[in-house]
Amino acid sequence: MTSIPAYSADNIFAKIIRGEAPSVKIFEDEAALAFMDIFPQTEGHALVAPKRLGAVSLLDVREDDLQTLILAVQRLARATEKALRPDGVRVMQFNGAEAGQTVFHLHFHVIPVWAGRPMRRAHGHGEPADPAKLKELADRIAAAL
Ligand code: 5GP
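What comes next concerns the included structure. Keep in mind it's a predicted model, so treat the numbers as computed, not measured.

Cut-offs applied
- Residues numbered from 1 in each chain as written.
- Predicted model: local features only at pLDDT ≥ 70, side-chain atom pairs only at ≥ 80, totals over all residues.
- Heavy atoms only, no water.
- Helix = DSSP H or I, 4+ residues; strand = E, 2+ residues; numbered from the N terminus.
- Expected span 1.5 Å × (residues − 1).
- Buried < 20%, exposed > 50% of the residue type's maximum accessible area, 1.4 Å probe, protein only.
- Arc of directions from axis to C-beta.
- Contact = heavy atoms within 4.5 Å.
- Salt bridge = Lys/Arg side-chain N within 4 Å of Asp/Glu carboxyl O.

## Examining helix 3 (residues 131-143)
Here is step 1 of the chain: With 13 residues, helix 3 ought to run about 18 Å at 1.5 Å a step, and its terminal C-alpha atoms sit 18 Å apart, in line with that.
Here is step 2 of the chain: Buried within helix 3 are the following residues: Leu134, Leu137, Ala138 and Ile141. Down the axis of helix 3, the smallest arc covering the buried residues is 100°, so these residues share one side. Within helix 3, the exposed residues directed more than 90 degrees away from the buried face are Ala132 and Ala143.
Here is step 3 of the chain: Among the structural elements, strand 1 (25-28), strand 2 (32-36) and helix 2 (63-84) are those in contact with the buried residues of helix 3.

This is how it looks when you write it as structure tokens:
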């Protein structure tokens, strides 16, 4: 696909995984990291990424890494539901800039949604969220794991 670049270890999620950039973590294991999105589309919007560097998207990830990653997505979705009591949970994943991908290290979005509270339309834009608020949400979700 023309809008999927080669993997670059300079991307922001690789820096977060290496501990070179800050993030508000929810949980991690040897294979996956769950952390808050800094431009949340709803309160509680979080991301799950494989710790192994190298996969840009769903198309090039190793099957064994995808298996553990999707279980981490389910774990996060369940904890988000338990902690924040949304009416639904949206799971999103984009492959290639044309499809909406902006960070080229594979990740899934886990986004709680509530009736009557529209999601912010665009992801990856706007003012970054207050880190203290993100930490409070991350702690609540982590407590429900
Ligand atoms: P994509 O468009 O690649 O599917 O989603 C990338 C997501 O990463 C966006 O929702 C954006 O808000 C989020 N994001 C971008 N930069 C950072 C960052 O430095 N830290 C965190 N935690 N999230 C980021």
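## Quick look at the pattern of salt bridges
Here is step 1 of the chain: A complete count under the given rule lists 11 salt bridges for this structure.
Here is step 2 of the chain: The residue Arg18 makes a salt bridge to Glu20 at a minimum N-O spacing of 2.8 Å.
Here is step 3 of the chain: Arg18 sits in the partly exposed class, given a relative accessible area of 36%.
Here is step 4 of the chain: For Glu20, a relative accessible area of 54% translates into the label exposed.
Here is step 5 of the chain: Taken together, the shared-partner salt bridges connect Glu43, Lys133, Glu136 and Arg140 into one network.

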